[in-house]
Amino acid sequence: MDRKQIVLGVIGFDCHSVGNRILDYFFTEKGYKVHNLGVMVSQEEFIDAAQETGAGVIMVSSLYGHGEIDCEGLRDKCIERGLDDILLYVGGNLVVGKTPFKSVETKFLKMGYDRVFSPDTDLEVVNNLLIEDLKLG
Amino acid sequence: MDRKQIVLGVIGFDCHSVGNRILDYFFTEKGYKVHNLGVMVSQEEFIDAAQETGAGVIMVSSLYGHGEIDCEGLRDKCIERGLDDILLYVGGNLVVGKTPFKSVETKFLKMGYDRVFSPDTDLEVVNNLLIEDLKLG
Amino acid sequence: MKNTKQNFDEFMMERSDVLKAWSTGKDVILEEGLAYQKSLDDSRNFASTMKAASRRGDTLIQPRAGVALIDEHISLLKYLENEGGADLLPTTIDAYTRQNRYNEAQSGIEKSYSAGTSLLNGFPAVNHGIAGCRRVIESLKKPVQVRHGTPDARLLAEISLASGFTSFEGGGISYNIPYAKKVPLEKSIEYWKYVDRLVGYYEDNGVSINREPFGPLTGTLVPPFISIVIGIIEGILALRQGVKSITLGYGQGGNLVQDVSAIIALRELADEYFQSEGFTDYHLTTVFHQWMGGFPENEAKAFSVITWGATVGRLAGADKIIVKTPHEAMGIPTREANAQGLLASRQAISMLYEQKLPVGPTYRREIDLIKSEVNSVMNRVLELGAGDIDDGIVPAFKFGVIDVPFAPAVCNYGKLLPMRDNEGFIRVYNWGNTHVSEEIKELHRAKLELRAHSEGRNVCFQMVTDDIYAISKGKLVGRPR
Amino acid sequence: MKNTKQNFDEFMMERSDVLKAWSTGKDVILEEGLAYQKSLDDSRNFASTMKAASRRGDTLIQPRAGVALIDEHISLLKYLENEGGADLLPTTIDAYTRQNRYNEAQSGIEKSYSAGTSLLNGFPAVNHGIAGCRRVIESLKKPVQVRHGTPDARLLAEISLASGFTSFEGGGISYNIPYAKKVPLEKSIEYWKYVDRLVGYYEDNGVSINREPFGPLTGTLVPPFISIVIGIIEGILALRQGVKSITLGYGQGGNLVQDVSAIIALRELADEYFQSEGFTDYHLTTVFHQWMGGFPENEAKAFSVITWGATVGRLAGADKIIVKTPHEAMGIPTREANAQGLLASRQAISMLYEQKLPVGPTYRREIDLIKSEVNSVMNRVLELGAGDIDDGIVPAFKFGVIDVPFAPAVCNYGKLLPMRDNEGFIRVYNWGNTHVSEEIKELHRAKLELRAHSEGRNVCFQMVTDDIYAISKGKLVGRPR
Ligand code: B12
Ligand code: B12
């Protein structure tokens, strides 16, 4: 099972597609196999794709402000479906309104995400963390 | 003795002449006799002019930030020189740096000024206060 | 018959289904809504406010704003009206309502109540229903527009127009392609004919309602001709259903000459096409959107982007400017941040109020280029529709004759790739199947080669990526680091 | 002999007196200062930084900043260098030092120590002396300029240049007329010959020091030709003393066409006059000052004025822009506010970096107008000086041939009154004795009549007042309320 695969998508009813394209392009260039589900992806669709592909990480984006509502419960559903050790990365404008990133991070870590990223994240940094977390290094 | 006279000037080593021109023009239009000493006026020059003319009010401007240093002591000197009931008005950017106007006002009232004005003062309001204070109304 | 004004009886039949989609629909009575609209003062009418402004040569400013709960929404809009000095008010609709997910919207309202803060990214007007919406309208002095991104906005239109909103943003293309994933284009176009027909009803009965197709699309490096083609098509579809007050939009690209030229071209072309379709009894205005792509996080820098937008919008002679806020990159703005965006924009517009930008040959050349791009695409759409624009739309998207960059909709061809040239004009790098002459393609290509040369690299996808980030990183053109 | 380079021995004699004016003067040794300057890296040299920028076609940004105490001043400038991203650094001198009141400055330093905050409006460089000033220079990476407003800046120049400052703002006219009341013009001109001669010494010995006449003057509705005439005259006086790196300045008026035209005219005219005086070995650059008159108090509006300034400065092709801050109307800015001004300006400049404003006939007409105004005044000054510009200056001011509006100096004629025309161009309402042709006067008059007509009032002094307030109240032209 090749863990160097990423399931990528924008969760909920969020239509912001630009960042998604860039993440796809970036990680493909870095040698990952990217399964890009595009925008408006439900939790079920993320999990289905992760099961089908055996990807090591699900990368969830939420830009439009409903992240808090949409992202809740994904970890539990993963466990229910037997994806015990899948990595969950989440990033974007995760809550409604300008909020100190620390408090956003705390909130999403508590929800069971492994790493939380702000919109100005340097993708090279993300890649380094991913190598570490997937023990590819 | 005609109290409807104003001694006007910019105190200290302050060169800001634009507001001074406007005050001169405005109060002249309103029917006061304005003795405009221009910029860079010392406390002594203000008092001399007030004594010579018998004006009811000295209007001190300070824009350049040294107002706190330059304006201190004018009230005492007026009393020394027998100008017991002359009005002292002061206005402009009275201290160094953006400061809540209330604290500036308190500071200058304590120094013995009768009224303290911020730079965005509506001159019509000043005129109304002056009529009241000079009991011209 | 689909290409002309929908028959009123058919409309009424469709309507009875539309109103069933959520419980608040049952309160909407067409004549009662009309009567309510007539009871409102003219100063609250969006259409006549736009008309008066354009006669005066004024440029109005309007924010985006919407929160979950009615009282909070009212106090937000009052603040923007009084402290921000907005000329026109918005009601931005939340993203669940945009997808007709009224259940989710309802739970968002409830969660917002208990959280004591809005957890929705807009105002769920359908759920609040007529009574709630009228409270909003009656609390304000300025005209209010519904701003959203809803492929099927029929119920939203019914409720909001009956509640006294006097302008409705969107269109069958512009509120599908950038906002939806799987809604078939033929569907959203049908839905929007309904909306336009509803507006037509109000117009026929003496109440003018402004309609505003969404010009900026994905907000990201959209070449002017694409935005203009779609604006013209949506304009024609709207006029056919009886719309009379129409405001066509354009999202700032960033280059002064290109943006000014685009607004001029937009206005001239729209009039040409509308008139060649036989319409004369309409009032056309333009709206300029301050930079719609990624913003810098730093607020001082964001102010600079906002001001540059207001500056160009005014110099271009737009009738209205949609204003961003210093919080743009971070999240839904506080009301203070929203008012700051308005105040900065107002200052720029009024400092430019009496200034006229001399528009010489450089602009004229760009205007001509945009016009020939638009004309060749429009001709192809007409061909595909065998002479009728409406019939041409779906095939045009299917074959990629019209292609919106970075759009999420699967019905968008998705091959066109834009890129900035060496002076920051948005050009096309990969045309996909977009239909323009070889000569035009050559011209774009040459401009892009110039840039590539000056950067010492080949024209490549990395440039597109760099361009997407550029303004948020403080540049216009994404040069290699 | 006064019109040419001062004899070195005479200079040295005068110098021994200059250094006695305050105790710190005794530490200044010419050769030691020169050696110190030579020890500094080229990246800290203002003149070469300006030259390199103008070659690259770049527009550099520089703030104004200065506080009473050395450590605070260093940390302020470091902040502006690192967080604000300033290309060039200032050291703004306090107003006591500007009037050579070193005693008052000393007491300001002491009061600032005990108050724990700066009570001076700038950095008292003379009192801090060479050791203090060198600590400032050595703590920074970017070149540092002395910015002040000092009629007699001889000691300040000695101390600061020996300390590693590599640019010195001011001139015998521009640092008298707007900044002083009773200093005779002939005096300040002599003092500034000394400063220029000192710079000439450094130049002769291989260290280039940049000189920058103060273009904006009173910052309030100064018609371009007045600023340009004074810039050219001060430029010639400086070149005569051996200055080689010269930056001529202009304060934004607010109208795009006029401001762009003014910068173009300034550059072209300066080269013409300098060359007709026989100078070829100099490097000329321009500096654009963001709006120098009264600012709006609201910070969002202030950001807008700042951005508009950066925009026009860049479009005009200025080599440097002096940046204002969102605190401008309120008081000396905090360092954060100062950095914000820089960041907003940088964003605007870099978004415009690759854009070229098409400069067509409308600009060209304005350029020609400015040129003929400058030429007629310059001709008259030359006449009054019997062929020599230097001899013409004092009589020109005395008779009002050159007349700076709203200036405090008694040696200024003070009759000229400026006023905005209907498009916001700064025109002349009352010419006093300024020497231009009847044709030009007619042109101004006609433009002003147009405005008066559109406002339904006669051309009157109230308009001048209204114009002075206008930008701070959010407009360019002061229309009746
Ligand atoms: C362009 C844009 C749009 C376009 C989108 C077009 C499209 N289909 O893509 C349009 C105009 C259609 C649009 C619509 C809306 N938008 Co919008 N939009 C933006 C804007 C200006 C730029 C987004 C963008 O493309 N950025 C460029 C890309 C490259 O960056 P990015 O998206 O941030 O993605 C990067 C990072 O976030 C990060 N990242 C993202 N996800 C992940 C995940 C992981 C694991 C990692 C490691 C990193 C990562 O990496 C990405 C690549 O660098 C932003 C504000 C901004 N950023 O300036 C608002 C913004 C995202 N939008 C917003 C909103 C609210 C909406 C709307 C609801 C309308 C409204 N109420 O105003 C609708 C959405 C409707 C819907 N159903 O989703 C809000 C969200 C508010 C919040 N979170 O509090 C924002 C922040 C604006 C604001 N301040 O109000 N929008
Ligand atoms: C133009 C200007 C200049 C010009 C002045 C030309 C001239 N000779 O007049 C120039 C460029 C030369 C200049 C120089 C300096 N300036 Co200056 N200048 C300004 C500016 C931009 C506008 C002033 C102006 O003309 N306003 C228009 C007139 C109509 O308004 P006004 O002056 O405020 O006057 C009105 C009111 O204040 C009020 N008022 C004033 N006095 C009184 C008195 C009474 C009794 C009443 C009722 C009302 C009243 O009524 C007036 C008419 O409406 C202000 C900032 C601003 N306001 O935007 C800075 C400002 C005043 N300057 C400032 C400084 C520090 C200086 C300098 C020391 C340089 C420096 N360090 O930056 C030097 C001063 C040297 C010296 N010896 O004085 C600071 C003062 C800082 C502070 N108080 O904390 C300011 C606030 C800028 C800033 N934020 O740093 N300046």
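Remember, it's a predicted structure, so these values are computed and weren't measured experimentally.

Draft legend 1. Just the overall build of chain C, in detail. On a plain count of helices and strands, chain C comes out with 17 helices and ten strands. A compact globule built from 481 residues would reach a C-alpha radius of gyration of about 23 Å, and chain C, at 21 Å, matches this within 12%. Overall, chain C is about 65 × 50 × 40 Å in size when its C-alpha atoms are taken along their principal axes. Counted over contacts in chain C with a minimum sequence separation of 6, partners at least 24 positions apart contribute 74%. Only carbon and sulfur atoms are counted for the fraction: they give 51% of the accessible area of chain C, which is about 15500 Å².

Draft legend 2. Focus on the overall build of chain A. Within chain A, the secondary structure is distributed over six helices and five strands. Starting at the N terminus and ending at the C terminus, chain A contains elements arranged as β-α-β-α-β-α-α-β-α-β-α. Taking 137 residues into account, the globule formula puts the C-alpha radius of gyration at 14 Å, and chain A, at 14 Å, falls close to it. Referenced to the eigenvectors of the C-alpha coordinate spread, the extents of chain A come out at roughly 40 × 30 × 25 Å. Counting every position in chain A, which comprises 137 residues, the buried fraction comes to 55%. Expressed as a percentage of contacts within chain A between residues at least 6 apart in sequence, the contacts between residues at least 24 apart total 77%. A total of about 6000 Å² of accessible surface is found on chain A, and carbon and sulfur atoms cover 51% of it. Each charge sign in chain A was given a centre, from 14 positive and 22 negative side chains, and these centres are 3 Å apart.

Draft legend 3. Representation of the site of ligand 1. Near ligand 1 there are 47 residues, and of these His16(A), Ser61(A), Glu328(C), Gly331(C) and Tyr469(C) occur at the shortest range. Nearby residues place ligand 1 at the junction of chains A and C. At 3.1 Å from a nitrogen atom of ligand 1 is found a main-chain nitrogen or oxygen belonging to Asn93(A). For the shell around ligand 1, the residue count by class is 27 nonpolar, 16 polar and four charged.

Draft legend 4. Quick look at helix H1 (residues 8-18) of chain C. All names here are of chain C. Along H1, the positions that sit buried rather than exposed are Phe-11, Arg-15 and Val-18. Each buried residue of H1 sits inside an arc of 55° when the element is viewed along its axis, so together they form one side. Turned more than 90 degrees from where H1 packs its buried face, Asp-9, Met-13 and Asp-17 sit exposed. Its side-chain oxygen placed 2.8 Å from the backbone nitrogen of Asp-9, Asn-7 serves as the N-cap of H1.

Draft legend 5. Representation of the environment of Glu336(C) within the structure. Turning to its location among the elements, Glu336(C) is positioned in helix H13 (residues 335-351). Taking the C-alpha atoms as reference points, Glu336(C) and Tyr79(C), separated by 257 residues in sequence, lie 8.4 Å from one another.

Draft legend 6. Main features of the packing of aromatic side chains. Following the criterion strictly, the structure yields 39 aromatic pairs over all chains and no others. Taking the centre distance of 5.3 Å and the plane angle of 85° together, the rings of Phe274(C) and Tyr282(C) count as edge-to-face. Here Phe274(C) matches Tyr282(C) in class, with each residue buried. Relative to Phe288(D), the ring of Tyr250(D) lies with its centre 6.1 Å away and its plane at 45°, an arrangement referred to as tilted. Here Tyr250(D) is found in strand S6 (residues 245-251), whereas its partner Phe288(D) is found in strand S7 (residues 283-289), with 38 residues between them in sequence. Grouping aromatic residues by their ring pairs yields a cluster made of Phe8(C), Phe11(C), Tyr194(C), Tyr201(C) and Tyr202(C). Positioned above the aromatic ring of Phe11(C), the side-chain terminus of Arg197(C) is 5.8 Å from the ring centre.

Draft legend 7. Local environment of the interface of chain A and chain C. Each partner contributes residues to the interface: chain A has 26 residues there, and chain C has 32 residues. Approximately 2500 Å² of surface area, both sides summed, lies buried where chain A meets chain C, with 60% of it carried by carbon and sulfur atoms. Along the contact surface separating chain A from chain C lie one salt bridge. Elements represented by at least two residues in the side of chain A that touches chain C include exactly helix H1 (18-29) and helix H3 (67-71) of chain A. Of the residues forming the side of chain A that touches chain C, the biggest block, four residues, is contributed by H1(A).

Draft legend 8. Representation of the coordination of the cobalt atom of ligand 2. Looking at the cobalt atom of ligand 2, one finds just one donor atom contributed by the protein, His16(B) (NE2), at 2.2 Å. Along the chain, the position of His16(B) falls in the loop between strand S1 (5-10) and helix H1 (18-29).

Draft legend 9. Quick look at the relation of the copies chain D and chain C. Screw-axis analysis of chain D against chain C gives a translation of 0.0 Å along the axis, an RMSD of 0.0 Å, and a rotation angle of 180°. On this basis, the relationship between the two copies can be described by a two-fold rotation axis. The overlap is high: 100% of the interface residues of chain D also sit at the interface in chain C, so the same surface is used on both sides.

Draft legend 10. Structural context of the confidence of the model for chain C. This prediction gives chain C a mean pLDDT of 97; 99% of its residues lie at or above 70. Confidence metrics for the complex model read pTM 0.97 and ipTM 0.97.

Draft legend 11. Spotlight on the arrangement of the chains. For the three pairs of chains in contact, the largest share of contacts goes to chains C and D. Kept free of each other, chain A and chain B leave a smallest C-alpha distance of 26 Å between them. Taking C-alpha atoms only, the smallest gap left between chain A and chain D, which are not in contact, amounts to 17 Å.

Draft legend 12. Geometry of the interface of chain D and chain C. The interface of chain D with chain C comprises 38 residues on the first partner and 38 residues on the second. Across the interface of chain D and chain C, roughly 3200 Å² is buried in total on both sides, 64% from carbon and sulfur atoms. On inspection of chain D and its partner chain C, the count reaches two salt bridges. In this structure, the salt-bridge partner of Glu354(D) is Arg479(C), at a minimum N-O distance of 2.7 Å. Inspection of the region where chain D meets chain C yields 14 residue pairs in polar contact (both at pLDDT 80 or more). Among the secondary structure elements, those contributing two or more residues to the side of chain D that touches chain C are helix H11 (256-276), helix H12 (299-316), helix H13 (335-351) and helix H14 (361-384) of chain D. Broken down by element, the residue count for the side of chain D that touches chain C peaks at eight residues, all from H12(D). Looking at the side of chain D that touches chain C residue by residue, the class counts come to 18 nonpolar, 14 polar and six charged.

Draft legend 13. The arrangement of the site of ligand 2 in detail. As a matter of local geometry, ligand 2 sits amid 47 residues, with His16(B), Ser61(B), Glu328(D), Gly331(D) and Tyr469(D) nearest to it. One of the backbone N or O atoms of Leu63(B) is found 3.0 Å from a nitrogen atom in ligand 2. A distance of 2.9 Å separates an oxygen atom of ligand 2 from a polar atom in the backbone of Ile332(D). If you list the elements that add at least two residues to the shell around ligand 2, you get H1, strand S3 (57-61) and strand S4 (87-91) of chain B together with helix H5 (95-98) and helix H17 (461-470) of chain D. Considering every element that reaches the shell around ligand 2, the biggest residue donor is H1(B), with four residues. The residue inventory of the shell around ligand 2, partitioned by class, reads 27 nonpolar, 16 polar and four charged.

Cut-off values and rules
- Residues numbered from 1 in each chain as written.
- Chains lettered and ligands numbered in written order.
- Predicted model: local features only at pLDDT ≥ 70, side-chain atom pairs only at ≥ 80, totals over all residues.
- Heavy atoms only, no water.
- Helix = DSSP H or I, 4+ residues; strand = E, 2+ residues; numbered from the N terminus.
- Rg over C-alpha atoms; globule rule 2.2 N^0.38 Å.
- Contact = heavy atoms within 4.5 Å.
- Areas by Shrake-Rupley, 256 points an atom, 1.4 Å probe, with all protein chains shown as cover.
- Buried < 20%, exposed > 50% of the residue type's maximum accessible area, 1.4 Å probe, protein only.
- Lys, Arg positive; Asp, Glu negative; His and termini not counted.
- Charge placed at Lys NZ, Arg CZ, Asp CG, Glu CD.
- Near = heavy atom within 4 Å.
- Polar contact = N/O pair within 3.5 Å; in protein donor to acceptor, adjacent residues only side chain to side chain.
- Nonpolar A, V, L, I, M, F, W, Y, C, P; charged D, E, K, R; others polar.
- Arc of directions from axis to C-beta.
- Phe/Tyr/Trp six-rings, centres within 6.5 Å; stacked < 30°, edge-to-face > 60°.
- Lys NZ or Arg CZ within 6 Å of the ring centre and 35° of its normal.
- Buried area = accessible area lost by both parts, 1.4 Å probe.
- Salt bridge = Lys/Arg side-chain N within 4 Å of Asp/Glu carboxyl O.
- Donors = N, O, S within 2.8 Å, 3.2 Å for Na, K, Ca; no water.
- Least-squares fit on C-alpha atoms with pLDDT ≥ 70 in both.
- pLDDT = per-residue confidence, 0-100.

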